[in-house]
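In case you want the letters, here they are:
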Amino acid sequence: MKEPTEKTTGKSPYWSKRVAGLEPYTPGEQPRDRRYIKLNTNENPYPPSPKVLEAIRAAAQEDLRLYPDPTCLALRSAIAARYGLPGADWVFVGNGSDEILAFAFAAFFGSRDRMERRPLLFPDITYSFYPVYADLWDIEYETVPVTEKFEIDTAHYRRPASGVVLANPNAPTGRALGKGALTELAAFHQQEQNVLLIDEAYVDFGAESMADQVQRYDNLLVVHTLSKSRSLAGLRVGYALGQPDLIEGLRRIKDSFNSYTLDRLALAGAQAAIEDREYYDAMAAKIEATRENTRRALEEAGFEVIPSAANFIFIRHPERPGAELFQALRSRGILVRHWNKPRISEYLRVSIGTDEEMESFVRICRGNT
Ligand SMILES: *Cc1c(COP(=O)(O)O)cnc(C)c1O
C-alpha cells in the first residue's frame with residue numbers, strides 16, 4: 001500500500017509492459033495512526049504456541065550466516081507426517097500461501113499443450129488475489145457467479161476449463177462446501193486433466209479438508225497457510241499438498257525464481273507449529289465458539305450473518321449501508337473490511353477476535369442501529 005509520503009504518478013517510461021498492465025492486490029489496512037481493535041485482516045487474536053517462539057529463539061544464532069535448506073526437507077517431512085502422506089515429496093512449502101498460489105497459477109493454469117483455449121474458473125465473489133495472479137501470468141479466466149446467498153454450486157464448474165480454483169471456506173463469505181461436492185469435482189477434472197486447487201486458508205475453523213483426498217486424485221492441490229489458524233501471519237509460511245508430480249511443478253517455478261523462499265527462523269517456527277496440534281486445536285475451538293456467540297448477538301441486533309466455517313463473518317444490516325457502518329466502526333476504533341464492489345458493497349467482513357474484542361464490536365453495532 002502507498003505511504004502518505006510516497007509521491008508517484010502511476011506510470012513510468014522505465015516500466016515494462018508487464019508492470020504497466022498490473023492491477024495489484026490491495027491488502028487490508030495495517031494502520032499506525034492509533035490503536036484499533038483489528039478485525040480487518042483475519043489475523044488470529046491469540047499468540048502462537050510457546051513452542052514456536054522457543055524454536056525461533058533457538059534458531060536465532062550464528063548459523064544465520066549460512067543459507068537455509070533450499071529443499072525445506074525437515075519442515076516438509078513434518079507436514080507429510082501430520083497429514084498422513086507418504087513422504088516429503090507430497091509437500092511444497094512457500095513464503096506464505098500467497099506465494100504458493102502465485103506459483104500454482106504459473107505452473108498449472110498458464111497455457112498448456114491444448115488445441116482449444118479454455119478459461120480458468122473461479123467464483124465471482126472470492127479471494128481477490130486470484131484475478132491478480134491470472135492477469136500477472138496472462139491466464140484467461142472466467143468468473144462463475146455465486147448464488148444470491150453466496151453459495152457455490154459446483155455443478156457450474158463441471159465444464160471444459162483449464163483448471164478450477166476454489167477457496168474452501170470461501171473468502172470473504174465464510175461459506176464452506178462439503179467434501180462430497182468437491183470430490184466429485186476433483187473426479188470430473190481428473191478426467192479432463194485439469195488441476196483443481198482448493199485454497200484451505202480457513203479450513204481449521206470448522207470445514208472439511210480435502211487433504212486426505214490427494215492420494216486419490218492426482219489433479220488435486222490443497223493449499224494451507226500458517227497465517228490464520230496457526231497465528232503466524234508475521235512468519236510468512238504456507239504449504240501445498242499434492243502428488244509428487246504436482247509438487248515438482250511448483251518446485252520448478254520456485255527454483256527458477258528464488259531457491260531460498262523460507263529462512264531459517266521461518267523453517268524452525270513452522271515446524272514447531274505443525275507439531276503442536278494440541279495447542280492449535282484448542283485455539284481453533286475457542287475462535288469457533290466466539291464466532292457463534294458473535295453471530296447470535298448480531299442476529300438479535302437485526303443483522304444478517306452468512307453462515308461461516310472460518311475465523312471471520314460476513315454481515316449486513318438491512319437498514320445501514322455497508323460504507324456507513326464501516327466508517328462508524330472505524331471512528332470508534334474498530335477496523336473491519338469493506339469492499340466497494342458489486343454484490344458485496346452492503347456487507348462487512350469481520351474477523352473473529354477475542355471475546356472481549358467481539359463484545360466491544362457488538363456493543364457498537366447495537367448502539368448505532
Ligand atoms: C489469508 C489468505 C491467504 C494467504 O495467506 P498467506 O499464507 O498469509 O499468504 C490465501 N488464501 C486466502 C483465501 C486467504 O484468506
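Since the structure is predicted, the reported quantities are computational estimates derived from the model, not experimental observations. (Residues numbered from 1 in each chain as written. Predicted model: local features only at pLDDT ≥ 70, side-chain atom pairs only at ≥ 80, totals over all residues. Heavy atoms only, no water.)

### Here's the deal with helix α9 (residues 277-300)
Now for step 1: Given a rise of 1.5 Å per residue, 24 residues ought to cover 34 Å, and the 35 Å separating the end C-alpha atoms of α9 matches this to within 8%.
Now for step 2: When α9 is considered as a whole, its buried residues turn out to be Tyr280, Met283, Ala284, Ile287, Thr290, Arg291, Thr294, Ala297 and Leu298.
Now for step 3: One or two residues past the end of α9 sits Gly302, with phi positive at roughly 95 degrees. (Helix = DSSP H or I, 4+ residues; strand = E, 2+ residues; numbered from the N terminus. Expected span 1.5 Å × (residues − 1). Buried < 20%, exposed > 50% of the residue type's maximum accessible area, 1.4 Å probe, protein only.)

### Description of the side chain of Arg320
Now for step 1: Mapping Arg320 onto the fold places it in the loop between β10 (312-316) and α10 (322-331).
Now for step 2: Residue classification places Arg320 among the buried residues on the basis of a relative accessible area of 12%.

### Describing the sheet that holds strand β12 (residues 348-351)
Now for step 1: Judged by pairing direction, the sheet is antiparallel, and its 3 strands sit side by side in the order β9-β10-β12 without closing on themselves. Across the chains shown, the open sheet's two edge strands, defined by having one partner strand only, are β9 (304-306) and β12. Adjacent strand axes in the sheet meet at a mean angle of 35 degrees, parallel and antiparallel pairs treated alike.
Now for step 2: Inspection of the sheet shows β9 paired to β10 by 3 bridges, in the antiparallel sense. Opposite Ile306, over in β10, you have Phe314 as the bridge partner. (Pairing = 2+ DSSP bridges. Axes fitted to C-alpha atoms, helices over the stretch in contact; angles between N-to-C directions.)

### Here's the deal with the pattern of salt bridges
Two side chains bearing opposite charge may form a pair once their charged atoms approach each other closely.
Now for step 1: For the structure shown, the criterion picks out 19 salt bridges.
Now for step 2: Residue Glu142 is joined to Arg159 by a salt bridge in which the shortest nitrogen-to-oxygen separation is 2.9 Å. One end of the pair, Glu142, is in strand β4 (residues 141-144); the other, Arg159, is in the loop between β4 and β5 (163-167), with 17 residues separating them in the sequence.
Now for step 3: For Arg159, a relative accessible area of 29% gives the class partly exposed.
Now for step 4: The partner of Asp255 in a salt bridge is Lys254, and the shortest N-O contact between them spans 3.5 Å.
Now for step 5: By relative accessible area, which is 37% here, Asp255 ends up partly exposed.
Now for step 6: Overall, the relative accessible area of 5% leaves Lys254 in the buried class.
Now for step 7: Salt bridges linked by common partners bring Glu248, Arg251, Arg252, Lys254 and Asp255 together as one network. (Salt bridge = Lys/Arg side-chain N within 4 Å of Asp/Glu carboxyl O.)

### Quick notes on the side chain of Ser231
Now for step 1: By the element assignment, Ser231 lies in the loop between β7 (220-225) and β8 (238-241).
Now for step 2: Of the polar contacts made by the side chain of Ser231, one reaches the backbone oxygen of Tyr46; its length is 2.3 Å.
Now for step 3: Beyond its immediate stretch of four places on either side in the chain, Ser231 contacts Asn44, Tyr46, Pro47, Pro48, Leu226, Tyr280 and Met283. (Polar contact = N/O pair within 3.5 Å; in protein donor to acceptor, adjacent residues only side chain to side chain. Contact = heavy atoms within 4.5 Å.)

### Things to note about the packing of aromatic side chains
Now for step 1: Summed over the entire model, instances satisfying the criterion amount to 19 aromatic pairs.
Now for step 2: The interplanar angle of 80 degrees and the centroid separation of 4.8 Å between the aromatic rings of Tyr202 and Phe312 together place this pair among those described as edge-to-face. Within this pair, whereas Tyr202 is found in the loop between β6 (195-199) and β7, its partner Phe312 is found in strand β10, the two being separated by 110 residues in sequence.
Now for step 3: Every member of this aromatic cluster is reached through a ring pair, and the members are Tyr25, Phe105, Phe109, Phe122, Tyr127, Phe129, Tyr130, Tyr133 and Tyr141. (Phe/Tyr/Trp six-rings, centres within 6.5 Å; stacked < 30°, edge-to-face > 60°.)

### Things to note about the domain arrangement of the protein chain
The extent of an interface is frequently quoted as the accessible surface area lost upon association of the parts.
Now for step 1: Each domain of the protein chain was delimited in the assignment, giving domain 1 (25-47 + 278-367) and domain 2 (50-275).
Now for step 2: For domain 1 and domain 2, the distance between their C-alpha centroids amounts to 25 Å.
Now for step 3: With both chains or domains summed, domain 1 and domain 2 bury close to 2,400 Å², and 61% of this area falls on carbon and sulfur atoms.
Now for step 4: It is Tyr25, Tyr280 and Arg343 that lose the most area in domain 1 upon contact with domain 2, and together they represent 32% of the buried surface on that side.
Now for step 5: Counting across the interface, domain 1 meets domain 2 through 1 salt bridge.
Now for step 6: Among the ionic pairs, Arg343 bridges to Asp124, the shortest N-O distance being 2.8 Å.
Now for step 7: Applying the counting rule to domain 1 against domain 2 returns 9 residue pairs in polar contact (both at pLDDT 80 or more).
Now for step 8: Within the residue set of the side of domain 1 that touches domain 2, elements represented by two or more residues are α9, β9 and β10. (Domains from an automatic or database assignment. Buried area = accessible area lost by both parts, 1.4 Å probe.)

### A few points about the nonpolar core
Now for step 1: One finds Leu241 and Phe361 to be the most contacted residues of the largest nonpolar core, which totals 85 residues.
Now for step 2: Residue assignment places this core across two domains, with domain 1 (25-47 + 278-367) and domain 2 (50-275) each supplying three or more.
Now for step 3: Excluding its chain neighbours within four sequence positions, the residues that come into contact with Phe361 are Leu39, Thr294, Leu298, Ile315, Leu329, Ile334, Val336 and Val350. (Core = buried A, V, L, I, M, F, W, Y, C linked by side-chain atoms within 4.5 Å.)

### Describing the pairing of β12
Now for step 1: The alternating pattern of β12 places Leu348 and Val350 and Arg349 and Ser351 on opposite faces, both of which are buried.
Now for step 2: Summarising the sheet, β10 and β12 pair through 4 bridges and their orientation is antiparallel. Bridge assignment links Ile313 to a residue of β12, and that residue is Val350.

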